[in-house]
Amino acid sequence: MSSKYSLITALGLTLASVSFANQATINPEPREVLNLDGKWNAIVDPYDTGYYNYRMQPLDEVEQPDVPRSQIGFYKDKSPKSKNDFLEYSFDHSSTLTVPKDWNTQDQKLFLYEGAIWYRKLFNFSVKTDTHVFLHIGAANYQSQVYLNGLKIAEHTGGFTPYDVEVTDKIKADRNSLVIRVINRRLKEGVPTINTDWWNYGGLTRSVYLYETPKSYFSNYNVQLNREDPTKIEVSADLAGANSGSVSFDIPELKVHATAQTDANGHASIEVSTPDSLVKWCPENPKLYEVCLNSGSDKVCEKIGFRTIQVKGTDILLNGKPIFLRGICIHEENPVRGGRAYSTEDSRLLLGWAKELNCNFARLAHYPHNEHMAQVADELGILLWEEIPVYWTIAWENAETLKNAQNQLTELITRDHNRASVIVWSVANETPVSEARNTFLHTLLVQAHTLDNSRLVSCAMEVRTKEDPNLKIVDDPFGVYTDILSFNEYVGWYSGNNSVISKIKWQLKYAKPVVITETGAEGLQGYHADVETRFGEEYQAEFYRQTIPMLRKIDTLRGICPWILTDFRSPKRLLPNVQDGWNRKGLIGENGNKKEAFHVLASFYQQIRDNGYETK
Ligand code: GCB
């Protein structure tokens, strides 16, 4: 197996910003030495006063000695030296924002804010000899610039993936000033672009901390069952900061022990026979093993599950056996508290509800969710579809847009490639067919397969009709490349109403396992009416009753993932007294109460769970 680290270089990618070669170290959490979460001073800067001079030149690039002191970039974090010193900003006297947390739900004034906010944290830290110290930023939506003690140390684009920057030589023992400028302005050329059906939560939405590694340390590793030959466990590890050395691999519970030498690039490959006693990870028994890698100077351990995922004909095989995916889509939002989800508790709430729904699968839409989701899914036994925000109408012809999407994909795969729960990397959602789009998506699909040869790669496609409105056709040319045929359909909500659902027939161009990645209707929790009244709970429940048999007409159906677990905020949903800024397709309302449709789907899934899925 080849080194992913060298593949990343071969693909011409850095793991974080375009201009800074930031490095993501896998699984940094256990190495944390100083947590920087909590209150940060924050300056809301709608006109970018702290970033540009009055000629709109970035102050961190053009600063001249004769720039008036009052116009010095905020990243310098200055305080007045005397009573007649002139500064027009102050972190010391600014209010605070909590990290991690989106800014929108912390202050009513920021609810709809799209612009820049400067965050500042002061800290003391003594660097030990013979260590590297990295700053880890879990997510900053959407762009960020990072300054330590007045010096720019990183830039990053992409609001949902982590990045790390080495600070070993830049840190002081006392009063370090860490300033991060976060901008959530939507950009036409961005990933996502300006139009999305979700809330544009801004800020440092995930944890920020310092972590330490020895001089020579594991920067990346991957442990998995060989997909084609599960009698073998494959290990790939990269040691940074060492020319060569010996690496050992252990699974103590299984008495597995193996060693290998690294090559000149610090890469080691190990293959061991799978012990007969290994219990494979699956939703019914999500067995995780403590797995350790040791290089003498560095040791990393983490809990990893072993399973294979494959497609054979029109079946999806988990550990070699056909599986039906009883799924649900999820946005990274805690509707009850309000705002972006970020914690283990949030993950337990959301995935706990998915469990109550009798799911064995969840689609984490439409962007990478926080790392706790896959960790908790590993524990609970929920298979995952993970996605990057290539959503609707991206700037397909723009090379920077592609580079940005590639970077987000690499960061996601690097973070989660040891999570047994993750079975699908999705490169897009509902994108319009064109040559440029096909090329763009194909580049991403090849990249995902190259970085990770153990999982399925797909995207959520669309359905179309021709003369007969009841004949639904799926023939997206990109379907040639995806491992499964996955698409969204909303008959009964966006086209026709519940009465047309039973008339639907299907025409699919590809003989691949079908996974419906979205279907659903809105229903306001607590609003009761007859089954024909839009936005009533009864309409939504009836939609599910009609849709389930209609989808079962697809004889290659191997999974369903309706839209969506809970109501979620969307600036596009404006109907007064019903939507009020919420997409109401949740099976659970914004108050955490289950709607009637929840129970309809839960009982269908229970039947399949208990009796298996019979093709109709
Ligand atoms: C879709 C989109 C999803 C929307 C959903 C809806 O097809 O993929 O992001 O939120 O429909 O509710 O319309």
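Residues numbered from 1 in each chain as written. Predicted model: local features only at pLDDT ≥ 70, side-chain atom pairs only at ≥ 80, totals over all residues. Heavy atoms only, no water.

*Asks:* Help me understand the side chain of N404, please; the structure alone is not making it clear to me.
*Replies:* Take N404: it is sitting in helix 5 (residues 399-416). For N404, a relative accessible area of 10% translates into the label buried. Setting aside anything within four residues of it in sequence, one finds N404 in contact with Y142, T157 and V191. (Helix = DSSP H or I, 4+ residues; strand = E, 2+ residues; numbered from the N terminus. Buried < 20%, exposed > 50% of the residue type's maximum accessible area, 1.4 Å probe, protein only. Contact = heavy atoms within 4.5 Å.)

*Asks:* I tried to follow the sheet that holds strand 26 (residues 422-429) on my own but got confused; where do I start?
*Replies:* Spatial strand order, 27-26-25-24-23-32-31-29: 8 strands in an open sheet with parallel pairing. Across the chains shown, the open sheet's two edge strands, defined by having one partner strand only, are strand 27 (456-460) and strand 29 (485-488). Each strand axis lies, on average, 30° off the axis of its neighbour in the sheet, ignoring direction. Contacting strand 26 and strand 27, helix 6 (residues 435-451) runs over the sheet at an angle of about 165° to strand 26. (Pairing = 2+ DSSP bridges. Axes fitted to C-alpha atoms, helices over the stretch in contact; angles between N-to-C directions.)

*Asks:* What is the right way to read the sheet that holds strand 7 (residues 143-148) from this model?
*Replies:* Hydrogen bonds between backbone groups are what pair the strands of a sheet, and the pairing can be parallel or antiparallel. Read across the open sheet, the 6 strands follow the order 3-2-4-10-7-8; overall the sheet is antiparallel. Looking at which strands have only one partner, the edges of the open sheet turn out to be strand 3 (96-99) and strand 8 (151-157). Strand-to-strand, the axes of this sheet are offset by a mean angle of 25°, without reference to chain direction. Direction of pairing for strand 7 relative to strand 10 (residues 176-183): antiparallel, over a ladder of 6 bridges. Bridging from a neighbouring strand, Q145 pairs with R181 of strand 10.

*Asks:* Would you take a moment to explain the nonpolar core for this structure?
*Replies:* Counting residues in each nonpolar core, the largest one holds 80 residues, and the members touching the most others are V390 and L444. Element by element, the count of residues in this core is highest for helix 8 (residues 596-611), at 8 residues. The residues contacting V390, other than those within four sequence positions of it, are V191, W396, A405, V427, A428, N429, T431, F440, L441 and L444. Formed by 30 residues, the second largest nonpolar core is a distinct cluster that contains A42, F125, L135 and Y163. (Core = buried A, V, L, I, M, F, W, Y, C linked by side-chain atoms within 4.5 Å.)

*Asks:* Would you mind showing me how to read the site of the ligand here?
*Replies:* Residues in close proximity to the ligand total 14 residues, the closest being D197, Y391, E430, Y494 and K585. About the coverage of the ligand: the protein hides 96% of its 320 Å² of free accessible area. Across the shell around the ligand, the residue classes break down as 5 nonpolar, 4 polar and 5 charged. (Near = heavy atom within 4 Å. Areas by Shrake-Rupley, 256 points an atom, 1.4 Å probe, with all protein chains shown as cover. Nonpolar A, V, L, I, M, F, W, Y, C, P; charged D, E, K, R; others polar.)

*Asks:* Got a minute to help me understand the domain arrangement of the chain in this structure?
*Replies:* Many analyses report the size of an interface as the accessible area lost when the parts associate. Taken domain by domain, the chain comprises domain 1 (15-214), domain 2 (217-307) and domain 3 (321-611). Computed over C-alpha atoms only, the centres of domain 2 and domain 3 are separated by 32 Å. Of the residues lining the interface, 15 residues belong to domain 2; the matching set on domain 3 comes to 22 residues. Here domain 2 and domain 3 share an interface that buries about 1,400 Å² over both sides, 45% of which is from carbon and sulfur atoms. (Domains from an automatic or database assignment. Buried area = accessible area lost by both parts, 1.4 Å probe.)

*Asks:* Help me understand the packing of aromatic side chains, please; the structure alone is not making it clear to me.
*Replies:* What characterises a pair of aromatic rings is the spacing of the ring centres plus the angle enclosed by the ring planes. All chains considered together, the criterion is met by 27 aromatic pairs. Between Y89 and F91 the ring centres are 6.2 Å apart and the planes differ by 85°, which places this aromatic pair in the edge-to-face class. Accessibility assignment for this pair places Y89 and F91 in one class, buried. An angle of 40° between the planes, with centres 5.6 Å apart, marks the rings of F487 and W506 as tilted. Here F487, found in strand 29, pairs with W506, found in strand 30 (residues 505-508); they are 19 residues apart in sequence, far enough to count as distant. Judged by relative accessible area, which is 0%, F487 ranks as buried. An aromatic cluster is present here, built from F74, Y75, Y89, F91, W118 and Y147 joined pairwise through their rings. (Phe/Tyr/Trp six-rings, centres within 6.5 Å; stacked < 30°, edge-to-face > 60°.)

*Asks:* Hey, could you run me through helix 4 (residues 371-380) in this one?
*Replies:* In terms of burial, helix 4 is largely enclosed, as 7 of its 10 residues are buried. Listed as buried for helix 4 are E371, H372, M373, A374, V376, A377 and D378. Contact partners of the buried residues in helix 4: strand 23 (325-330), helix 3 (344-356), strand 24 (361-364), strand 25 (383-387), helix 5 and strand 26. Note on helix 4: the residue one or two positions beyond its end, G381, has a positive phi of about 80°.

*Asks:* Whenever I open this one, the state of the cysteines confuses me. Can you help?
*Replies:* Simply put, the disulfide is a covalent bond whose two ends are the sulfur atoms of two cysteines. Per the counting criterion, the structure on display carries 1 disulfide. Disulfide pairing is shown between C292 and C301; the S-S distance is 2.1 Å. Taking the sign of the torsion about the S-S bond as the criterion, the disulfide between C292 and C301, at about 110°, is right-handed. Judged by its relative accessible area of 8%, C292 is buried. Here C359 is not cross-linked by a disulfide; its sulfur's nearest cysteine counterpart is in C561, at 7.4 Å. (Disulfide = S-S within 2.5 Å.)

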